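For reference, the chains in residue letters:
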Amino acid sequence: MVAEIYYDDDADLSVIQGKRVAIIGYGSQGHAHALNLRDSGVEVVVGLREGSSSWQKAAEMGLRVATIAEAVKVADVVMILTPDQVQRVVYTQEIEPNLKDDAALFFAHGFNVRFGYIAPSAGHDVCMVAPKGPGHTVRRQFEEGRGVPAIVAVENDASGQAWDVALSYAKAIGATRAGAIKTTFKEETETDLFGEQSVLCGGVSQLITYGFEVLTEAGYQPEIAYFEVLHEMKLIVDLINEGGLTKQRWSCSDTAEYGDYVSGKRVITPDVKENMKAVLADIQDGTFAKRFIADQDAGAPEFLQLRKEHESHSIEQTGRELRKAFGWTDEDEDYTGSAAR
């Protein structure tokens, strides 16, 4: 099956320019969406809790800021960009009671809709525009005349024009400059969670940690181990991002490439693939979502304990000391210090 990809010529910017858009939340994605939309000629209002630390930040950027309820009341399109674990509460208490009858609901991740934590009434368009990059990159690329690719979906087309609105929104934040790929809420949610847990976050971090432990337990210096299994990871990932696994292998030494072929499957055995299938199954049947939401509702005891355990690992202490010693300055955004949270 060939993916459907939309570009600038496939989207009419005037569609979203004719609507008032409420951006709920002003975090990583929220600030980028709000500013990019504004710079594309869209009327934007940022909806925040009273007393939010982001209120002044948004106002200083020249954006109109209001309470969530006030922002929703005047909006034709409501983009919900709060964290997954709080979206359903914000939706139930502040969005749903104030939503215009024909307003469209937009999301940048399908978690709450896919697992039934948010169930909009049938009269609303329900769409997704999900940039495949962090908010600061979405904003920077837009300012430089480029864009971050996005995936787009329509869960409910009540107006008969949901796709037009979704693609226009994608164009306004710069996504169609790079390409917007058509998907579904189900596909986006399940593949996103799987990628995070088995490869991008869980898989990579655990692989790095095990590599560090094997080397240090064998008597090698932790600083050397850190460089070999963690620091150089960015170099490898950049090459993969630029030209796939083939460019990464072509760019390494023949020794490294040969070691890739003969040792990779000794480490990542077929059992790992079976474990990945089990992770996917837990995502598909809602087991992971229920565990995550239940823990968050209880005050996140498991989440916070796991965070504490991993932040206290010796690889993190080694990294902090090395980054100080090799030229990183206090001006860099290194969020691993004690004041980070």
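All residue numbers refer to position in the chain's written sequence, counted from 1. For this predicted model, a pLDDT threshold of at least 70 governs which residues receive local features, and a threshold of 80 or more governs which side-chain atom pairs are given and counted, while totals over whole chains, interfaces and linings are taken from all residues. The side-chain numbers reported here are obtained from all heavy atoms of the structure, hydrogens and water having been left aside.

A.B. asks: Looking at this structure, I do not really get the overall build of the protein chain. What am I missing?
C.D. replies: The secondary structure content of the protein chain amounts to 18 helices and 9 strands. Seen along its three principal axes, the alpha-carbon backbone of the protein chain occupies a region of about 65 × 45 × 40 Å. Categorising residues by exposure relies on relative accessible area from a 1.4 Å probe, with only protein chains included: less than 20% of the type maximum marks a residue as buried, more than 50% marks it as exposed, and the intermediate range marks it as partly exposed. Expressed as a percentage of the 341 residues in the protein chain, the buried residues total 38%. Taking contacts inside the protein chain between residues at least 6 apart in sequence as the whole, the part at least 24 apart equals 66%. Split by element, the accessible area of the protein chain, about 19,100 Å² in all, is 53% carbon and sulfur. Helix and strand definitions here come from DSSP, where helices need a minimum of 4 consecutive H or I residues and strands a minimum of 2 consecutive E residues; each element is numbered from the N-terminal end. We call two residues contacting when some pair of their heavy atoms lies within 4.5 Å. Using a 1.4 Å probe, the Shrake-Rupley method yields the accessible areas, and only the shown protein chains count as cover for residues.

A.B. asks: Teacher, can you tell me more about the nonpolar core here?
C.D. replies: A general feature of soluble globular proteins is that nonpolar side chains tend to end up buried together. The set of buried Ala, Val, Leu, Ile, Met, Phe, Trp, Tyr and Cys residues whose side-chain atoms join them within 4.5 Å is what this entry labels a nonpolar core. Judged by nonpolar contacts, the single largest core of 37 residues is most densely connected at Ile23, Leu37, Phe106, Val129 and Tyr169. For this core, the secondary structure elements donating two or more residues are strand S2 (20-24), helix H2 (28-39), strand S3 (43-48), strand S5 (77-80), strand S6 (104-107), strand S7 (126-131), strand S8 (150-156) and helix H8 (162-172). Among the elements that line this core, the one with the most residues is H8, at 7 residues. Beyond its immediate sequence surroundings of up to four residues, Ile23 is in contact with Gly30, His33, Ala34, Leu37, Val44, Val45, Val46, Gly47, Met79, Leu81 and Tyr169. The next biggest cluster of nonpolar side chains, apart from the first, holds 25 residues, and it includes Ile68, Val72, Val90 and Ala153.

A.B. asks: What exactly am I supposed to notice about the side chain of His124 here?
C.D. replies: Examined against the element boundaries, His124 turns out to sit in the loop between helix H6 (111-114) and S7. On the accessibility criterion, His124 (7% relative accessible area) is buried. Distance and chemistry together define a polar contact, namely a pair of N or O atoms within 3.5 Å, with one atom able to donate a hydrogen and the other to accept it when in protein, and with adjacent residues in sequence counting only for side-chain atoms on both sides. Within polar-contact distance, the side chain of His124 engages the backbone oxygen of Ala103 at 2.8 Å. Not counting residues up to four positions away in its chain, the partners in contact with His124 are Leu99, Lys100, Asp101, Asp102, Ala103, Asn156 and Ala158.

A.B. asks: How should the packing of aromatic side chains be read in this particular structure?
C.D. replies: For any pair of aromatic rings, the description consists of the separation of the ring centres together with the inter-plane angle of the planes. Centres within 6.5 Å are what make two rings of Phe, Tyr or Trp a pair, Trp counting through its six-membered ring; a difference in plane orientation under 30 degrees is then read as stacked, over 60 as edge-to-face, and the rest as tilted. Inspection of every chain in the model, using the stated rule, returns 8 aromatic pairs. Geometrically, the ring pair formed by Phe107 and Phe185 is edge-to-face, given 6.2 Å between the ring centres and 80° between the ring planes. With Phe107 in strand S6 and Phe185 in helix H10 (residues 185-200), the pair connects residues that are 78 residues apart, well separated along the chain. Pair check on accessibility: Phe107 and Phe185 agree, each one buried.

A.B. asks: Help me understand H8, please; the structure alone is not making it clear to me.
C.D. replies: Every α-helical turn comprises 3.6 residues, leaving residues that sit three or four positions apart pointing alike. Counting buried residues in H8 gives 8 out of 11 residues, a clear majority hidden from the surface. For H8, the full list of buried residues reads Ala162, Val165, Ala166, Leu167, Ser168, Tyr169, Ala170 and Ala172. Gly174 lies just past H8 and shows a positive phi near 95°.

A.B. asks: What am I meant to see in the pattern of salt bridges here?
C.D. replies: Oppositely charged side chains may form a pair once their charged atoms are brought near each other. For salt bridges, the criterion is a side-chain nitrogen of Lys or Arg within 4 Å of an Asp or Glu carboxyl oxygen. A full pass over the atoms with the stated rule returns 17 salt bridges. One network of salt bridges, in which partners are shared, links Arg38, Asp39, Arg139 and Glu143.

A.B. asks: How should the sheet that holds S6 be read in this particular structure?
C.D. replies: Through backbone hydrogen bonds, the strands of a sheet pair up, either in parallel or in antiparallel fashion. At least two bridges found by DSSP between two strands are what make those strands a pair. Sheet architecture is open: 9 strands sit in the order S1-S9-S8-S7-S6-S5-S2-S3-S4, paired in mixed fashion. The open sheet has two free edges, formed respectively by strand S1 (5-6) and strand S4 (64-67), since each of these has just one partner strand. Relative to S4, S3 is paired through 4 bridges, and the arrangement is parallel. In the strand pairing of S4, Leu48 is matched with Thr67. Axes here refer to lines fitted to C-alpha atoms; in helices the fit is confined to the stretch in contact. Angles between the N-to-C directions go from 0 to 180 degrees. Packing against the sheet, H2 makes contact with S2, S3, S5 and S7, and its axis sits at approximately 165° to S2.

A.B. asks: Would you mind showing me how to read the packing of helix H12 (residues 222-231) against helix H18 (residues 314-325) here?
C.D. replies: The packing of two helices is summarised by the inter-axis angle and the distance between the axes. In the contact formed by H12 and H18, the axes pass within 10 Å of each other and the chain directions differ by 95°. Judged by the inter-axis angle, H12 sits roughly perpendicular to H18. Where H12 abuts H18, its residues Pro222, Glu223, Tyr226, Phe227 and Leu230 lie against Ile315, Thr318, Gly319, Leu322 and Arg323. Charged means Asp, Glu, Lys or Arg here, nonpolar means Ala, Val, Leu, Ile, Met, Phe, Trp, Tyr, Cys or Pro, and polar covers whatever is left, Gly included. Across the contact of H12 with H18, the residue classes break down as 6 nonpolar, 2 polar and 2 charged. The scheme is simple: roughly parallel for angles under 35 degrees, roughly antiparallel for over 145, roughly perpendicular for 65 to 115, oblique for anything else.

A.B. asks: Help me understand the pairing of S3 in this model?
C.D. replies: Side chains on a regular strand alternate between the two faces of the sheet. Counting buried residues along S3, 5 of its 6 residues qualify, which places the element largely inside the surrounding structure. Examined bridge by bridge, S2 and S3 share 5 bridges and lie parallel to one another. Bridge assignment links Arg20 to a residue of S3, and that residue is Glu43. Taking the sense of rotation as the criterion, the β-α-β connection linking S2, H2 and S3 turns out right-handed. Crossover handedness is defined by viewing with both strands directed away from the observer: a clockwise path from the first strand over the helix to the second marks the crossover as right-handed.

A.B. asks: Quick question: what am I supposed to make of unusual backbone geometry here?
C.D. replies: Apart from glycine, the bulk of residues carry a negative phi angle, and the bulk of peptide bonds sit in the trans form. Although it is not a glycine, Ala300 sits at a positive phi angle of roughly 65°. Within the secondary structure, Ala300 sits in the loop between helix H16 (287-297) and helix H17 (301-311). With a relative accessible area of 8%, Ala300 lands in the buried category.

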